[in-house]
Amino acid sequence: MAENQKTATLSLDGTTYELPVLSPSAGPDVLDIRKLYGQADVFTYDPGFTSTASCESKITYIDGDKGELLYRGYPIDQLAEKSHYLEVCYLLLYGELPTRAQMEDFEYRITRHTMIHEQIHNFFRGFRRDSHPMATMVGVVGAMSAFYHDSLDINDPWQREVASMRLIAKLPTIAAMAYKYSIGQPFVYPRNDLSYAENFLNMCFSVPAEPYKVEPALAKAMDRIFTLHADHEQNASTSTVRLAGSSGANPFACIAAGIACLWGPAHGGANQACLEMLREIGSVDKIPEYIKRAKDKDDPFRLMGFGHRVYKNFDPRAKVMKESADEVLDLLGIHDNPTLQVAKELEKIALEDEYFVSKKLYPNVDFYSGIILEAMGFPTSMFTPIFALSRTVGWISQWKEMIEDPTNKIGRPRQLYTGATFRDYVDVEKR
Ligand code: CMC
C-alpha cells in the first residue's frame, strides 16, 4: 500500500486487516474491499446496494443532502434552462460541452439514424394491439440485435459508436411506433428537418389525413423532460444495463434489459402510477384519506412520486418539472386542471406531515411529469416509454464507460446463504 494511502482497519477474530480508502472528486470516501474475501474469507452484506459503490464513474454526480444533480459537473437546473437535449447527450457521451461544429456534426449523425429497418415494422405487427408500449419496446429494442449486425462487436470502438448513435436516434421512433400501434393509427416516419423533440411529437401526433404543426413551446417542454431524465448515475436500470453489459452482451440487448428494469412502479413506472393515483384521489377533500393509507404499515399503498433512495432534501428535477407544468398548462389554456390541484395540495400536506418530514420524503421527478405529459395529449401508458427514450443516452454512456474501463470484470455478487446445507438425496418411497 502506498505511503500516503488512507486506510480503514477491520478487526475480525483477533486479526486486523487494512482496507484502502478511496477518495472521490465529490461525495463520501469509499472503502476498497476488493481483496477482503481473499484475505479474510468474509463477504460484505448489502442488499439493495444502499452502501455499496458498484463502479467508478465520471458521468453523473448526485448530492442527495443538497438536492444537487450534476451531469459531467454541470448542474441540472442550468442545463434545463440553457442547454437542449442533444447537447446534453453529447456532454454525457463525450464528457465536454460541444463546440458549434461538434454539435452540428453530432446532430447530423443522430438525424441520419432515425429510421428503423423496414422489416421491424412487421415485428411490431406481431404484438397485440392492446400491448403496453413498454412491452413492445422491450421486445423491439432487444430485437434490434437481429437487425444491426454491423454494430454488435463491443470490442470495436467504431461499432460501439454506431450502436450508440442508432439507439439514441431510433428510440423516439420506436416509442412513437409503439404508441401509434396501440391506438390503431399508421406509423409516422421520422422527419430529419425537425428537432429531436419536434420529430418525436410529430411521430406521435400527426396523421396522414391532415397537416400537423408542432407547437414550439410544447417541443421545448418535451425537450426539457428528455433533459431532466437523461441520466441519474447508478440507479436500478443503469445498474441493470451495466450488469448485462459486463458479460459482453451486445448493446441492444443491454438497453432492452434497462427498459425492462425501468418499467417497475418503484422506478420509471412511477410516473404512470403517480398520475393514476392523482386521478384516483380526484379531489382535494380526499387527500387526508390517502395520506393516512400511505402511513399505514399494513397497507401496501405508497404515495407515488414521493421519496427517493438518494435525495433526502429535494429532487432538483422535480423543482424544474413543477415550473414546467405551470408553463405548459398556461400555454394550453388549462387553468382549472383538477389533477394539478390535487398534486399541489397533496405536496403541501405531505411536506408538513410529520411522517413524510421525518422520513425525508419529497416529491421526485415523477410527481409532476405526468401532468405535463397528459396535458400534451399522451396517455398514461406512454409516460414510462418517454422516460426510457430519454434515459437511453445515460444507459449508453454508462455502458461505454464500463466497456472502456480496462479493470472491467463480469458483475457477480455473492450471497449470505441461509438455505439447507449438504444432505443426501432421499428416494421418493422414503419421503
Ligand atoms: N409513501 C409512503 N411511505 C414511503 C414512501 C412513499 N412514497 N417512500 C418511502 N416510504 C417509507 C417506507 O415505508 C419506509 O418506512 P419505514 O422506514 O418505516 O419502513 C421509509 O420511507 C424508507 O423507504 P424505503 O422503501 O426503505 O426507501 P428506498 O430508498 O428503498 O425506496 C423508493 C425509494 C423511491 C423506491 C420509495 O420512496 C418509493 O417506493 N416511492 C414511490 C415510488 C416512486 O415515486 N418511485 C420513483 C423514484 S424517482 C424516479 C426513478 O427512480 O425512476
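The rules behind the values
Position numbers for residues start from 1 in each chain and track the written sequence from start to end. Under the rules for a predicted model, residues below a pLDDT of 70 receive no local features and side-chain atom pairs below 80 are neither given nor counted, while totals for whole chains, interfaces and linings still include all residues. Hydrogens and water molecules were not included; the side-chain quantities draw on all heavy atoms of the structure. In DSSP terms, a helix is any run of H or I states spanning at least four residues, a strand is any run of E spanning at least two, and both are numbered starting from the N terminus. Note that the radius of gyration is over C-alpha atoms, with the globule rule given as 2.2 Å times the number of residues to the power 0.38. Each residue is placed in one exposure class: buried if its accessible area under a 1.4 Å probe, protein chains only, is under 20% of its type's maximum, exposed if it is over 50%, and partly exposed if it falls in between. Whether two residues are in contact is decided by their heavy atoms, any of which lying within 4.5 Å being enough. If a single non-hydrogen atom of a residue is within 4 Å of a molecule or strand, that residue counts as near it. Whenever a nitrogen or oxygen atom comes within 3.5 Å of another N or O atom, the pair is scored as a polar contact, on the condition that within protein one atom can donate a hydrogen and the other can accept it, and that pairs from neighbouring residues in sequence are kept only if both atoms are in side chains. For the area figures, the Shrake-Rupley method with a 1.4 Å probe applies, and any residue is considered shielded solely by the protein chains shown. Under the convention adopted here, Pro, Cys and the residues Ala, Val, Leu, Ile, Met, Phe, Trp and Tyr are nonpolar, Asp, Glu, Lys and Arg are charged, and Gly plus all remaining residues are polar. Domain ranges listed in this record stem from an automatic or a database domain assignment. We define buried area as the total accessible area lost by two parts upon association, computed with a 1.4 Å probe and summed across both. The term salt bridge refers to a side-chain nitrogen of Lys or Arg lying within 4 Å of a carboxyl oxygen of Asp or Glu. Any two strands with at least two DSSP bridges between them are considered paired. A pocket here means an open set of points on a 1 Å grid, computed over the protein atoms alone, that has protein on both sides within 12 Å along at least five of seven lines. A cavity is instead a set of points where a 1.4 Å probe fits but cannot get out; residues with an atom within 4 Å of a point line either one. Grid points are joined across faces, edges and corners, and a volume is the space filled by probe spheres set on the points. Where helices are involved, their axes are fitted lines through C-alpha atoms of the stretch in contact, as for all axes, and angles between N-to-C directions lie from 0 to 180°. Should an angle fall under 35 degrees it is called roughly parallel, over 145 degrees roughly antiparallel, and 65 to 115 degrees roughly perpendicular, with every other angle called oblique. When the near helix sits turned anticlockwise from the far one by under a right angle, the crossing is termed left-handed; a clockwise turn instead gives a right-handed crossing. We define a nonpolar core as any set of buried Ala, Val, Leu, Ile, Met, Phe, Trp, Tyr and Cys residues linked to one another through side-chain atoms lying within 4.5 Å.

Asks: Could you give an account of the overall build of the chain, with specific residues and numbers?
Replies: For the chain, the helix and strand inventory stands at 18 helices and six strands. Since a compact globule built from 431 residues should have a radius of gyration of about 22 Å, the 24 Å found for the chain is in line with a globular shape. For the chain, the residues scored as buried account for 47% of the 431 residues in total. A separation of at least 24 residues holds for 70% of the contacts in the chain among residues at least 6 apart in sequence.

Asks: Lay out the environment of Asp 65 with the relevant residues and their values.
Replies: Looking at the secondary structure, you find Asp 65 in the loop between β4 (60–63) and β5 (68–71). In this structure the C-alpha to C-alpha distance between Asp 65 and Asp 105, which are 40 residues apart in sequence, comes to 38 Å. Those residues within four positions of Asp 65 in sequence are excluded, and the remaining contacts are Lys 312 and Asn 313.

Asks: Describe the site of the ligand, with residues and values.
Replies: The full set close to the ligand counts 22 residues, and His 267, Leu 303, Gly 305, Arg 309 and Lys 359 are the nearest of them. Between Gly 305 and the ligand, the recorded distance is 2.8 Å, taken from a backbone N or O atom to an oxygen atom. Between an oxygen atom of the ligand and a side-chain N or O atom of Arg 309, the distance comes to 2.8 Å. Considered on its own, the ligand offers 940 Å² of accessible surface; in the complex 75% of this is hidden by protein. Here the shell around the ligand is built from residues that sort into 11 nonpolar, six polar and five charged.

Asks: Run through the domain arrangement of the chain, naming residues and quoting values.
Replies: Considered domain by domain, the chain is made up of domain 1 (7–53), domain 2 (74–265) and domain 3 (269–376). Computed from C-alpha atoms alone, the centre-to-centre distance between domain 2 and domain 3 is 27 Å. Residue-level contacts link 19 residues of domain 2 with 20 residues of domain 3. Both faces considered, domain 2 and domain 3 share a buried interface measuring about 1600 Å² in area, 71% of it formed by carbon and sulfur atoms. By the criterion of area lost to domain 3, the three top residues of domain 2 are Leu 218, Leu 228 and His 232, representing 33% of everything that side buries. Our enumeration of links across domain 2 and domain 3 arrives at one salt bridge. We note a salt bridge from Arg 224 to Glu 327, for which the minimum N-O separation is 4.0 Å. For the interface between domain 2 and domain 3, the tally reads six residue pairs in polar contact (both at pLDDT 80 or more). When residues of the side of domain 2 that touches domain 3 are traced back to their parent elements, those giving at least two are α2 (76–82) and α9 (216–228).

Asks: Which residues make up the pairing of β4, and what are the values?
Replies: Alignment of β4 against β5, held across four bridges, turns out to be antiparallel. By the bridge assignment, Ile 62 is partnered in β5 with Leu 69. The loop that links β4 with its antiparallel partner β5 comprises four residues; one of these, Gly 67, has a positive phi angle of about 70°.

Asks: Tell me what's going on with empty space enclosed by the protein, and back it up with residues and numbers.
Replies: Overall, the coordinates contain two cavities of 30 Å³ or more when judged by the stated rule. Counted as a void, the largest cavity has a volume near 60 Å³. Forming the boundary of the second largest cavity are Gly 307, His 308, Tyr 311, Phe 314, Asp 315, Tyr 362, Pro 363 and Asn 364. A class-by-class count of the residues in the lining of the second largest cavity yields four nonpolar, three polar and one charged.

Asks: I'd love a proper account of the environment of Thr 52, names of residues and values included.
Replies: Counting through the fold element by element, Thr 52 comes out in the loop between α1 (36–40) and β4. Relative accessible area serves as the criterion here: at 38%, Thr 52 is assigned to the partly exposed category. With 22 residues separating them in the primary sequence, Thr 52 and Val 30 have C-alpha atoms 8.5 Å apart. A distance of 2.5 Å separates the side chain of Thr 52 from the side chain of Asp 46, its partner in a polar contact.

Asks: Tell me about the packing of helix α6 (residues 133–143) against helix α7 (residues 157–182), and name the residues and values.
Replies: Each pair of packed helices can be summarised by the angle the axes make with each other and by the distance between the axes. The geometry of α6 relative to α7 is characterised by a closest axis approach of 9 Å and an angle of 140° between their N-to-C directions. It follows that α6 is oblique to α7 by the angle criterion. Of the two elements, α6 crosses α7, and the hand of that crossing is right-handed. Facing α6, whose interface residues are Pro 133, Thr 136, Met 137, Val 140 and Val 141, α7 presents Leu 167, Leu 171, Ile 174, Ala 175 and Ala 178. Looking at side-chain class alone, the contact of α6 with α7 contains nine nonpolar, one polar and no charged residues.

Asks: How would you explain the nonpolar core if you had to name every residue and give the values?
Replies: Grouped together as the largest cluster of nonpolar side chains are 113 residues, with contacts concentrated most on Phe 200, Met 222, Leu 303 and Phe 378. The residue makeup of this core includes at least three contributed by each of domain 2 (74–265) and domain 3 (269–376). Residue contacts for Met 222: discarding those within four places in its chain leaves Ala 197, Phe 200, Leu 201, Leu 373, Met 376, Phe 378 and Ile 386. Formed by six residues, the second largest nonpolar core is a distinct cluster that contains Ala 8, Tyr 17, Val 21 and Ala 40.

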